[in-house]
Amino acid sequence: MKLLDNKVAIVTGGTRGIGEGIAQLFAAHGAQVAFTYVSDSSAEKATTLAAALQAKGVKAKAYQSNAADPQACEALVTDVLKEFGTIDICVNNAGISKDNLLMRMTNEQWEEVMRVNLNSVFYMTKQVIRPMMKARSGSIINMSSVIGEMGNAGQSSYAASKAGVIGFTKSIAKELGSRNIRCNAIAPGFVETDMTQYLQAGEAAEKYKAGIPLGRFASAADIANVTLFLASDLSAYVTGQTISACGGLNI
Ligand code: NAD
């Protein structure tokens, strides 16, 4: 028996980085996986990933869907329910950064980060709790960030959106705990993905690593492992929590 046998999971932003790591690990642990991507340029990657997940012996399907669009989230959940029958796990992973000093940050930059990082979590969670309430079971996992806990110069919009995710997570845990729906957040530190490409090499990388007790950046797999714990029944008594996976950066 695998940790996620007979479970259906949705993962937003699944074609690369942390989302792809989660989709791969969930499938390896027996989950059926519906994952999303947003841009046309990711379509080929999505088809390849769906095939790789299916090769692990599970049902898997890619959906082009913008997590920042409430109608798209509603349509996505309807389509996934039609195809997979239920939704046991929702990983709200899609996210962006538009870093800028406050003096230079435009309203558009601020609003886009809020739409993709925070509004999306509300839109998706609102939709997935319907089947979860019916099943009296579910696990919602929201990707926050250590920056949401600590703040960072030049990242006020990102930090505010990720702190918002933590407040939302705690509230949903309180609201839906009696229905056996759990809601937790993960606060990764620096993870080696496209999002952090600019700081992965050279002097800057060494400076950042020096501040991390474990002395290295995280891999997508490091974060996927924490997500697997929160998705599975191993965390059956864990809700409303933010699990820091930051190599000790926040201590
Ligand atoms: P990434 O840029 O590699 O991947 C982000 C994914 O989100 C991509 O698949 C992208 O297509 C998708 N996405 C973006 N906008 C979307 C939208 N509107 N609708 C649907 N999908 C959309 O970044 P990553 O590092 O894998 O980040 C994944 C999550 O982890 C994000 O929420 C990010 O904020 C968070 N995070 C990352 C780090 C890090 O150091 N990389 C640290 C803390 C938290």
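Check the entry above for the structure.
Conventions used here
Residues numbered from 1 in each chain as written. Predicted model: local features only at pLDDT ≥ 70, side-chain atom pairs only at ≥ 80, totals over all residues. Heavy atoms only, no water. Helix = DSSP H or I, 4+ residues; strand = E, 2+ residues; numbered from the N terminus. Rg over C-alpha atoms; globule rule 2.2 N^0.38 Å. Buried < 20%, exposed > 50% of the residue type's maximum accessible area, 1.4 Å probe, protein only. Contact = heavy atoms within 4.5 Å. Areas by Shrake-Rupley, 256 points an atom, 1.4 Å probe, with all protein chains shown as cover. Lys, Arg positive; Asp, Glu negative; His and termini not counted. Charge placed at Lys NZ, Arg CZ, Asp CG, Glu CD. Polar contact = N/O pair within 3.5 Å; in protein donor to acceptor, adjacent residues only side chain to side chain. Pairing = 2+ DSSP bridges. Axes fitted to C-alpha atoms, helices over the stretch in contact; angles between N-to-C directions. Near = heavy atom within 4 Å. Right-handed = clockwise from strand over helix to strand, strands pointing away. Parallel < 35°, antiparallel > 145°, perpendicular 65-115°, else oblique. Left-handed = near helix turned anticlockwise from the far one by under 90°. Nonpolar A, V, L, I, M, F, W, Y, C, P; charged D, E, K, R; others polar.

**Student:** Which residues make up the overall build of the protein, and what values go with them?
**Tutor:** The secondary structure content of the protein amounts to 8 helices and 7 strands. Taken over the C-alpha trace, the protein has a radius of gyration of 17 Å; the compact-globule value for 251 residues is 18 Å, and the two agree within 12%. In terms of overall dimensions, the protein has C-alpha extents of about 50 × 40 × 35 Å along its principal axes. When each of the 251 residues of the protein is scored for burial, the buried share is 49%. Once local pairs closer than 6 in sequence are excluded, the contacts in the protein between residues at least 24 apart make up 74%. Split by element, the accessible area of the protein, about 11,700 Å² in all, is 52% carbon and sulfur. Looking at the protein, you have 23 positive and 21 negative side-chain charges, and the mean spots of the two groups are 7 Å apart.

**Student:** Before we move on, could you go through the environment of D222 and cite the residues and values that matter?
**Tutor:** Take D222: it is sitting in helix α8 (residues 220-231). Take D222: its relative accessible area is 25%, and that puts it in the partly exposed class. When the C-alpha atoms of D222 and G247 are compared, they prove to be 9.9 Å apart, with 25 residues separating the residues in sequence. At 2.8 Å, the side chain of D222 forms a polar contact with the side chain of R216.

**Student:** Before we move on, can you summarise the sheet that holds strand β7 (residues 242-245) with the specific residues and values?
**Tutor:** Spatially, 7 strands are ordered β3-β2-β1-β4-β5-β6-β7 in an open sheet, and the strand pairing comes out parallel. Edge strands, defined here as strands with exactly one partner in the open sheet, are β3 (60-64) and β7. Within the sheet, the average angular offset between the axes of one strand and its neighbour, ignoring direction, is 15°. Of the strands in this sheet, β1 (8-11), β2 (32-37) and β3 touch helix α3 (residues 70-84), which is tilted by about 160° from β3. Against the sheet, helix α6 (residues 156-176) engages β5 (138-143), β6 (181-188) and β7, with an angle of about 160° to β6.

**Student:** How would you explain the site of the ligand if you had to name every residue and give the values?
**Tutor:** What surrounds the ligand is a group of 27 residues, the closest being N66, N93, Y158, V191 and T193. In this structure, R16 approaches the ligand through a side-chain N or O atom, which is 2.9 Å from an oxygen atom. Separating an oxygen atom of the ligand from a backbone N or O atom of G189 is a distance of 3.3 Å. Sorting the residues of the shell around the ligand by element identifies α1 (17-28) and α6 as the ones contributing at least two each.

**Student:** Go over the pairing of β1 with me, naming the residues and quoting the values.
**Tutor:** Neither face of β1 is exposed, since V8 and I10 on one face and A9 and V11 on the opposite face are all buried. Strand direction decides the pairing type here: β1 and β2, joined by 4 bridges, are parallel. Each bridged residue has a counterpart across the sheet, and for V11 the counterpart in β2 is F35. Between the parallel pair β1 and β2, the chain is carried across by α1, and the sense of this crossover is right-handed. Relative to strand β4 (residues 89-92), β1 runs parallel, the two being bridged by 3 bridges. Counterpart to A9 in the pairing with β4 is I89.

**Student:** Now, about the packing of α1 against helix α2 (residues 43-54): what can you tell me, with residues and values included?
**Tutor:** Orientation of α1 relative to α2, taken along the N-to-C sense of each, is 20°, at an axis distance of 10 Å. When the interaxial angle is binned, α1 and α2 end up roughly parallel. Of the two possible hands of crossing, α1 and α2 adopt the one that is right-handed. Residues E20, A23, Q24 and A27 of α1 touch α2, and the partners they reach there are K45, L49, A52 and L53. When its residues are assigned to classes, the contact of α1 with α2 shows 5 nonpolar, 1 polar and 2 charged.

**Student:** Quick rundown of the pairing of β2? Include the residues and the values.
**Tutor:** Among the 6 residues in β2, 5 count as buried, and that is most of the element. Both β2 and β3 contribute to a ladder of 5 bridges, which runs parallel. Directly across from F35, in β3, lies its bridge partner A62. Tracing the backbone out of β2, into α2 and back to the parallel element β3 gives a crossover that is right-handed.

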